[in-house]
Amino acid sequence: MPQVQLEKQNFLFNPSLNLKYDLNNSSSLNVASGFKNNSQPFSNLFTYPVLISFRTLISNKPDLTLSKTFKYGANYWYTDTYNNFSINTGITIDEIRDNFIATQNISQNQSRLDYFVAENSDKNNQVYLNLSKYIFPLRSKFSINTQYKNSQIRSSFTPGEFQYSNVDQFKIDFEISNGFFKKTLFIDNSLTYRASKLKTASGVRNTVSNFTNNLEIKYLFSEKLKSRLNYNYINNGSNDFNFLDFQIDYKSQKLKVDFSLIGNNLLNISSYQINFNDEASETAMSYQLIKRYFILQASFKF
């Protein structure tokens, strides 16, 4: 029975609790918890194998057992309007039980995914901290958003035997909004580190990590003229890749034409490769890139 129909007929009991305590006019503490029953999706209720690509089949072992989601969280919020400062920090814990996962069988001619309701649970734990401060003498706003997330995910290559992936992800977003003499500068930098640790029942251990940094700088010379510079750095554990692009836009109200000068792949990177590996396979995905090029674009308005 669909989720909406189950809820309308009061077949599901989904309690939740939210508590808020105002410490003062500027800060508050929030605590929340919840439990929810979910009906299984229709896509997991058919039995016969279905071909979804030229060599991939999927099938299911139907099960009407309701999946269960548990959520817990705590949050602290503080804002100082006079000093233009705010902080938002908290922790969340999610757990999913009795949900479908897939057993993957790979042969020379085909790859097959058999979905079934698995025992135990998948878990996600997250801690976050967000800070924002406006500094008036610099006419600048500084924002820092940090997040650490730990996920414990089940999968299976052999029926009845599970493997557990422990994924740690740490992310920092740093943003500066700056304005001087009606000229505006925006700097946005995002840094992400992700490490995946695989553990199987047979004792196989494997760790894969990657690091990315994305920097974007925008400068508005005037309402008619603006520019953008993007720098991207990627480390996939064995290789480093650097990418640099820019764009300059000019609007001519008199001619009713918008001009754009675009430059991509300025460092002239010819290829890009991403490596994946686990206890069953090693995969290398290679991309051939277009060499350094420039485009002059014009858009006419009628």
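Look up: the structure comes first, before these words.
Residues numbered from 1 in each chain as written. Predicted model: local features only at pLDDT ≥ 70, side-chain atom pairs only at ≥ 80, totals over all residues. Heavy atoms only, no water.

### Considerations on the overall build of the chain
Then, number 1: Across its full length, the chain holds one helix and 19 strands.
Then, number 2: In the chain, which comprises 302 residues, the share counted as buried stands at 28%.
Then, number 3: Carbon and sulfur atoms make up 57% of the accessible area of the chain, which amounts to about 19700 Å² in all. (Helix = DSSP H or I, 4+ residues; strand = E, 2+ residues; numbered from the N terminus. Buried < 20%, exposed > 50% of the residue type's maximum accessible area, 1.4 Å probe, protein only. Areas by Shrake-Rupley, 256 points an atom, 1.4 Å probe, with all protein chains shown as cover.)

### Overview of the pairing of strand 1 (residues 16-22)
Then, number 1: Of all seven residues that make up strand 1, zero are buried, and the element is exposed over most of its length.
Then, number 2: Here strand 1 pairs with strand 2 (residues 27-38) via seven bridges, running antiparallel. Counterpart to Leu 17 in the pairing with strand 2 is Ser 33.
Then, number 3: Here strand 1 folds back onto strand 2 in antiparallel fashion, the turn holding four residues. (Pairing = 2+ DSSP bridges.)

### Things to note about the nonpolar core
Then, number 1: Counting five residues, the largest nonpolar core consists of Ile 234, Phe 241, Phe 243, Ile 269 and Tyr 272.
Then, number 2: If sequence neighbours within four positions are ignored, Phe 243 has contacts with Asn 230, Tyr 231, Asn 232, Ile 234, Leu 267, Ile 269, Tyr 272 and Leu 289. (Core = buried A, V, L, I, M, F, W, Y, C linked by side-chain atoms within 4.5 Å. Contact = heavy atoms within 4.5 Å.)

### Concerning a nonpolar patch on the surface
Then, number 1: A contiguous nonpolar patch, built from Tyr 72, Ile 91, Ile 93, Val 127, Tyr 148, Phe 170 and Tyr 193 and spanning about 610 Å² of accessible area, is present on the exposed surface.
Then, number 2: Within the fold, Phe 170 resides in strand 11 (residues 161-180). (Patch = residues over 30% accessible without salt bridge, like charges linked within 9 Å, V, L, I, M, F, W, Y side chains within 5 Å. Salt bridge = Lys/Arg side-chain N within 4 Å of Asp/Glu carboxyl O.)

### Observations regarding the environment of Asn 37
Then, number 1: Mapped onto the secondary structure, Asn 37 falls in strand 2.
Then, number 2: Overall, Asn 37 belongs to the buried group, its relative accessible area being 9%.
Then, number 3: Along the primary structure Asn 37 and Arg 97 are separated by 60 residues, whereas in three dimensions their C-alpha atoms are 9.8 Å apart.

### Topic: the side chain of Asn 230
Then, number 1: When you line up the elements, Asn 230 lands in strand 14 (residues 225-235).
Then, number 2: Within the structure, the side chain of Asn 230 is placed 3.2 Å from the side chain of Glu 216, a separation counted as a polar contact.
Then, number 3: Ignoring sequence-local partners within four residues, the contact set of Asn 230 consists of Leu 215, Glu 216, Phe 243, Leu 244 and Asp 245. (Polar contact = N/O pair within 3.5 Å; in protein donor to acceptor, adjacent residues only side chain to side chain.)

### Overview of unusual backbone geometry
What you tend to see is this: most non-glycine residues have negative phi, and most peptide bonds are trans.
Then, number 1: Phi is positive for Asn 84, close to 55°, though the residue is something other than glycine.
Then, number 2: The topology assignment puts Asn 84 in the loop between strand 5 (67-80) and strand 6 (85-97).
Then, number 3: For Asn 84, a relative accessible area of 39% puts it in the partly exposed group.

### So, the environment of Leu 23
Then, number 1: Residue placement: Leu 23 occurs in the loop between strand 1 and strand 2.
Then, number 2: Residue class for Leu 23 comes out partly exposed when judged on its relative accessible area of 43%.
Then, number 3: When the C-alpha atoms of Leu 23 and Trp 77 are compared, they prove to be 9.8 Å apart, with 54 residues separating the residues in sequence.
Then, number 4: Residue contacts for Leu 23: discarding those within four places in its chain leaves Ser 28 and Tyr 76.

### Quick look at the environment of Ile 248
Then, number 1: Take Ile 248: it is sitting in strand 15 (residues 240-252).
Then, number 2: For Ile 248, a relative accessible area of 35% puts it in the partly exposed group.
Then, number 3: Along the backbone, Ile 248 and Tyr 219 are 29 residues apart, and their C-alpha atoms lie at a distance of 9.6 Å.
Then, number 4: Setting aside residues no more than four positions away along its own chain, Ile 248 makes contact with Leu 225, Lys 226, Ser 227, Phe 259, Ser 260 and Leu 261.

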